[in-house]
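Structural characterization, general
Now for the letters of each chain:
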Amino acid sequence: MATSSRPEQPPHRPGEGSSAAPLHAESVLGGKVDPGTSTIPAAGPGAEPAGLEETTRALAPAVGPWADSLGRAGSRAAQALLVAAVVVGLVWILLRIKIVVIAAMVALILASAVGPVVKWLERKGWSNLLATLTAFLGILLLLGGVITGIVLTVRSQWDTLTSQASEGWNELRRLLESSPLPLDTASIDSAVRRATDFVTSGSFAGSALSGLSAAASFVTGLVLMIVILFFFLKDGEKMWNFALRWFRGERRAKLAESVDRGAQVLGGYVRGTAFVALVDAVLIGGALLILGVPLALPLAVLVFVTAFIPVVGATIAGIIAALVALVTNGPIIALIVVAVIVAVNQIEGNILQPIIMGRTLSLHALIVLLALTVGTLVGGIFGAILAVPYTAVAWAVVQVWSSRYQVGDDPVLGPDPVNPEDRVEAKATMAERWRYQRMRYQQTLGGRFGVTERDAARQNNDDDRS
């Protein structure tokens, strides 16, 4: 008598199996089912396979109410709400210690910009402490000189500058009213009137009394930033070395690459923006002097300061310069000033930034505008200055940790919108790539660096026993 090649099912033992036990493929497709392990009726060799409806009914008590589409949507919504609550709480805590956060972020930017100088001095044979002190004092003297020059230049002529800009706005409004353009300035006048009433009201005076507290907070943040900057320059590598020793393999390599790319973005942004701002200030200030516009030096200083705010900074400075030229030199000179500012902005965007800054930011203009808006709402002027570079850092870190992006052209989607030079892997040097590879395969190759203390003690005990 012929025997089946299918192995015999083991006998069911009391207490084993339940309706929640996993179903095998043969159970679903019509094979023999142990009555004690499933609620699906047993099917003989000639029986039809169990239908999908019966299988679903059999599985329903086992998987519970969260297995259908509504349950999965509810669980995802609960997870999203929990993550949002954590993010909101974290943002609330950071806003409560905003002085510390801003001081640390500014110090990190400055350390990224000056860090290469410290490493260069160390390669020349300087000690770490001497190189750190030299770079630290140099950046302090540079920043102190720039801030002092700005204050002394603008302070003596600030009242004149504001009055000239206000008169220029009034002159512009009169020109618009007399022009054939259908412009209604009533709403604009109403907004200006409300702002003037607020400035002359008691509430503004009350808020002005808080200037002493604001000054104290600024001094506190400045001192804290200086201290953090010194320790970042002196012990930055030691701090990061300590942090990396808690991770291994691929995770350690990605963390190291994230820090390298972040420091590259921040340092390149600060150095490039400072040089571009200096060129803008010299060109626009020189044009104002040639055209005979008064307050040319304070306006040039204003151009330099606002150049650190991408996209909108140069526009704000250009509007103020044009208003001053309008009230003091007439509409013709004001139009020439506008033309000069537009030309300088074109030179900056098409020549200076691509050459000096390269592709440091690699951000779309819309992302830059959104980052500026959010940064201004959250952190004011400091938020506007810090938002764009740290958004670029976040984008670089995302590229390091994610490998889901399809690189290259697609036969359906078309060309790749990301320039190959903007990809994060294109910005690492050969030495950095070799370092990351050593981190990835160090444990595989038998390296002792990176093992925990427990593993090291265990390996030492094994060596002693052998």
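Structure: see above.
Below is a short write-up of the structure. Everything quoted here is computed from the prediction, not taken from an experiment.

1. Describing the overall build of the chain
- The helix and strand inventory of the chain stands at 16 helices and 0 strands.
- Burial status across the chain gives 28% buried among its 466 residues.
- Carbon together with sulfur atoms contributes 67% to the accessible area of the chain, which is approximately 30000 Å² in total.

2. Some thoughts on the environment of Trp401
- On the secondary structure map, Trp401 appears in helix α14 (residues 365–401).
- Spatially, the C-alpha atom of Trp401 lies 9.0 Å from that of Arg251, the residues being 150 residues apart in sequence.
- Those residues in contact with Trp401 that sit more than four places away from it in its chain are Arg251, Lys254, Leu255 and Ser258.
- A polar contact is formed between the side chain of Trp401 and the side chain of Ser258, at a distance of 2.9 Å.

3. Details of the pattern of salt bridges
- Applying the stated criterion to the full structure yields 5 salt bridges.
- Between Glu237 and Lys119 there is a salt bridge, and its shortest N-O distance comes to 3.8 Å. Of this pair, Glu237 sits in helix α9 (residues 211–244) while Lys119 sits in helix α4 (residues 98–123), placing them 118 residues apart in sequence.
- In this structure Lys119 comes out as partly exposed when scored by relative accessible area, which is 43%.
- Two residues, Arg440 and Glu250, come together in a salt bridge whose shortest N-O distance is 2.8 Å. Of the two residues, Arg440 sits in helix α15 (residues 430–441) while Glu250 sits in helix α10 (residues 249–291), which places them 190 residues apart along the sequence.

4. Considerations on the nonpolar core
- Val106, Ile109, Met225, Leu229, Leu233 and Leu386 are the most contacted members of the largest nonpolar core, which has 34 residues in total.
- Put simply, the parts of the chain that give this core at least two residues each are α4, α5 (128–155), α9, α10 and α14.
- The dominant element in this core, judged by the number of residues it contributes, is α4, at 11 residues.
- Filtering out sequence-adjacent residues up to four positions away, Val106 remains in contact with Met225 and Leu386.
- Val293, Ala296, Leu299 and Ile333 belong to the second-largest nonpolar core, a separate cluster that totals 16 residues.

5. Overview of the side chain of Asp280
- Tracing the backbone shows Asp280 in helix α10.
- Although Asp280 lies buried, it forms no salt bridge, and the closest oppositely charged side chain, Arg271, sits 17 Å away as judged by the N-O distance.
- Those residues within four positions of Asp280 in sequence are excluded, and the remaining contacts are Gly285, Val303, Val344, Glu348 and Leu352.

Cut-off values and rules
- Residues numbered from 1 in each chain as written.
- Predicted model: local features only at pLDDT ≥ 70, side-chain atom pairs only at ≥ 80, totals over all residues.
- Heavy atoms only, no water.
- Helix = DSSP H or I, 4+ residues; strand = E, 2+ residues; numbered from the N terminus.
- Buried < 20%, exposed > 50% of the residue type's maximum accessible area, 1.4 Å probe, protein only.
- Areas by Shrake-Rupley, 256 points an atom, 1.4 Å probe, with all protein chains shown as cover.
- Contact = heavy atoms within 4.5 Å.
- Polar contact = N/O pair within 3.5 Å; in protein donor to acceptor, adjacent residues only side chain to side chain.
- Salt bridge = Lys/Arg side-chain N within 4 Å of Asp/Glu carboxyl O.
- Core = buried A, V, L, I, M, F, W, Y, C linked by side-chain atoms within 4.5 Å.
- Lys, Arg positive; Asp, Glu negative; His and termini not counted.

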